[in-house]
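Observations on the model geometry
Each chain, written out:
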Amino acid sequence: MALLEEQASFELLLVNPRHVKNLPGRKTDVADSEWLAQLLECGLLKGSFIPPKEVARLRGFTRYRTLVRERAREVQRLQKLLEDSGVKLESVVTDVTGKAARRMIEALIAGEKDPEVLAEMALTRMRPKIPELKKALLGRFDAHHGLLARMHLDHIDHLDEMVVSLDEEVDRLMAPFAEPATRLLTILLGLAWADVDLDAGTLRVRQALNRAGGAAFVLGEPKTPKSRRTLDVPSPAVEALRAHRARQAAERLAAGSVWVDTGLVFATEIGTVLDPRNFRRAFARVTEAAGLGSGWHPHELRHSAVSLLSAAGVRLEDVADVVGHASASRMTGDVYRHQVHPSVSAAKAPMEAMFGVPGAV
């Protein structure tokens, strides 16, 4: 395919075979060729999407970056090995590959068996847990477990190095797309409390956080008219926003005169605008703590929402309205939506059903 693209002096179409299926019977290569030629002559062939070379290369690296999942599986194997040896380290620490936990495992591999010596390797915030660590580190860790643990740790280190290399290459290839990638978070980070009605369970999207040059950000118009819309918010999200507002009120009291009143839903601990890059780093820490690895972008929540709502039977036109697409694109046969400020409520009930809200249909 790539060779044909480079050398062909004519337009090359990659066509979905489901769209050009001929009538059953008399199936031969010659007959199929004649049928395809007839469809092309009548203008009935539509080429599938083929990404540009730069995007195709980026796709290859990002897809291979699923190595983070392999790393998570390798960490699980290490945890299982420790449990098999009677060492319950994961019952005390959140990450068995963290700095302090790694020191303890390395000492176990080296032959140290004294739980008191091992527990004293705890660092900073883990030190108050030393009594629990002494109990957790009592076990029957032997040379067999040590050999396997060494292999697991080496494999984890190797995967970490590969992920770092992939990240560097992805960052290099993403350089031309840095501005569009940052804008994916602008609507979320531009959301103001004045546009959120928790009693009615709705929010209005009317502004976005835009980069003004350098490290500065300003509030302005969303990138498209379709982005301006009103959304019905599922009740679990309403409760999460209530809890978030309470936390933000506590942060405001703690900050005192330092607090900057921007009125934003998502802000820093002193109320200022939240940099999208810092938001992505915080999101990576959340996914890492959930055992999903750190290779996820917040925008992937949007893809998940589209997939889940579609699977729940929500009309694809309504899904397009929820995510603010100018049209339903290929999902709905390019049905364009002309409403500038749609009020979207069709997805609320399926969302609440997914979250297990009592009485939701």
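Residues numbered from 1 in each chain as written. Predicted model: local features only at pLDDT ≥ 70, side-chain atom pairs only at ≥ 80, totals over all residues. Heavy atoms only, no water.

**Section: the overall build of the chain**
Which entries qualify depends on this criterion: Secondary structure elements are defined from DSSP: runs of H or I of at least 4 residues count as helices, runs of E of at least 2 residues count as strands, and each element is numbered from the N terminus. For every residue, the accessible area (1.4 Å probe, protein chains only) is compared with the maximum for its type, and the residue is labelled buried under 20%, exposed over 50%, or partly exposed between those bounds. The contact definition used throughout considers only heavy atoms, calling two residues in contact when any of these lie within 4.5 Å. Exposure was quantified through the Shrake-Rupley algorithm and a 1.4 Å probe, taking into account, for residues, occlusion by the shown protein chains and nothing else.
Helices and strands together make up the secondary structure of the chain, namely 15 helices and six strands. Split into buried and exposed, the 361 residues of the chain put 34% on the buried side. In the chain, the proportion of contacts linking residues at least 24 apart, taken out of those at least 6 apart, comes to 56%. Summed over its atoms, the accessible surface of the chain is roughly 22200 Å², and 57% of this surface lies on carbon and sulfur atoms.

**What to know about the packing of helix H4 (residues 67–84) against helix H8 (residues 143–174)**
Worth spelling out the cut-off: Each axis is a line fitted through C-alpha atoms, taken for helices only over the stretch in contact, and angles between the N-to-C directions span 0 to 180 degrees. Angle categories: roughly parallel below 35 degrees, roughly antiparallel above 145, roughly perpendicular from 65 to 115, and oblique for all the rest. Crossings are classed by handedness, with left-handed meaning an anticlockwise turn of the near helix from the far one by less than a right angle and right-handed meaning a clockwise turn. The nonpolar class holds Ala, Val, Leu, Ile, Met, Phe, Trp, Tyr, Cys and Pro. Asp, Glu, Lys and Arg form the charged class, and all remaining residues, Gly among them, are polar.
At a minimum axis separation of 10 Å, H4 and H8 run at an interaxial angle of 160°. As summarised for this structure, H4 and H8 are arranged roughly antiparallel, according to the angle between their axes. Both H4 and H8 take part in a crossing whose hand is left-handed. Facing H4, whose interface residues are Leu67, Val68, Glu70, Arg71, Glu74, Val75, Arg77, Leu78, Leu81 and Asp84, H8 presents His145, Leu148, Ala149, His152, Leu153, His155, Ile156, Leu159, Asp160, Met162, Val163 and Leu166. For the contact of H4 with H8, the class distribution of residues is 13 nonpolar, three polar and six charged.

**Some words on the nonpolar core**
Quick reminder of the rule: Residues belong to one nonpolar core when they are buried, are Ala, Val, Leu, Ile, Met, Phe, Trp, Tyr or Cys, and are joined through side-chain atoms within 4.5 Å.
Membership of the largest hydrophobic core comes to 28 residues, with the highest contact counts inside it found for Leu89, Met104, Leu133 and Leu137. Among the secondary structure elements, those contributing two or more residues to this core are H4, helix H5 (99–110), helix H6 (115–119), helix H7 (130–136) and H8. Counting residues per element, this core draws most heavily on H5, which supplies six residues. Not counting chain neighbours up to four residues away, the residues in contact with leucine 137 comprise Val87, Leu89, Met104, Pro115, Leu118 and Ala119.

**Focus: the pairing of strand E5 (residues 229–232)**
How we decide: Here, any two strands with at least 2 DSSP bridges between them count as paired.
Side-chain alternation along E5 places Arg229 and Leu231 on a buried face and Thr230 and Asp232 on a face that remains uncovered. In this structure, strand E2 (residues 202–205) lies alongside E5, joined through four bridges in antiparallel fashion. Bridge pairing in E5 places leucine 203 opposite leucine 231.

**Some thoughts on the packing of aromatic side chains**
Selection rule: Side-chain rings of Phe, Tyr and Trp (the six-membered ring for Trp) are treated as a pair once their centres are within 6.5 Å; stacked means planes under 30 degrees apart, edge-to-face means over 60, and tilted covers the remaining angles. Only when the NZ of Lys or the CZ of Arg is both within 6 Å of the ring centre and within 35 degrees of the ring normal is a charge said to sit over the ring.
A complete count under the given rule lists zero aromatic pairs for this structure. Seen from the ring of tryptophan 193, arginine 245 lies directly overhead, with NZ or CZ sitting 5.6 Å from the centre.

**Considering the side chain of arginine 71**
Residue position: arginine 71 is located in helix H4. Residues within four places of arginine 71 in sequence aside, it is in contact with Thr97, Ile156, Leu159, Asp160 and Glu288.

**Some remarks on the pattern of salt bridges**
This is how the line gets drawn: For this analysis, a salt bridge means a side-chain nitrogen from Lys or Arg found within 4 Å of a carboxyl oxygen belonging to Asp or Glu.
By the definition in use, this model includes 15 salt bridges. With a closest N to O distance of 2.7 Å, arginine 102 and aspartate 157 form a salt bridge. Placement of the pair is arginine 102 in helix H5 and aspartate 157 in helix H8, with a sequence separation of 55 residues. The partly exposed category is assigned to aspartate 157, whose relative accessible area is 26%. Measuring nitrogen to oxygen at the nearest pair gives 2.8 Å for the salt bridge that ties arginine 127 to glutamate 120. It is possible to trace a salt-bridge network through shared partners that takes in Arg102, Glu106, Arg150, Asp154 and Asp157.

**Quick look at the pairing of E2**
Across the two faces of E2 the burial differs, with Leu203 and Val205 buried and Thr202 and Arg204 not buried at all. Strand direction decides the pairing type here: strand E1 (residues 196–197) and E2, joined by two bridges, are antiparallel. What sits directly across from aspartate 197, in E2, is threonine 202. Between E1 and E2, which pair antiparallel one after the other, the connecting turn spans four residues, and glycine 201 there sits at a positive phi close to 70°.

**Some details on the environment of valine 96**
For valine 96, the location among the structural elements is in the loop between H4 and H5. Sequence separation of valine 96 and leucine 78 is 18 residues, and the distance between their C-alpha atoms is 8.3 Å. For valine 96, the contacting residues outside a window of four places in its chain are Val75, Leu78, Gln79, Leu82, Glu90, Ala101, Arg102 and Ile105.

**What to know about the confidence of the model for the chain**
Formally: pLDDT measures how confident the predictor is about each residue, on a scale from 0 to 100.
In this model, the chain carries an average pLDDT of 79, and 82% of its residues clear a pLDDT of 70 or more. Confidence, expressed as mean pLDDT per element, reaches its minimum in the chain at strand E6 (residues 343–344) with 50 and its maximum at H5 with 93. Across residues 330–343, confidence stays below pLDDT 50; counting only partners more than four residues off in sequence or on other chains, it has 26 contacts.

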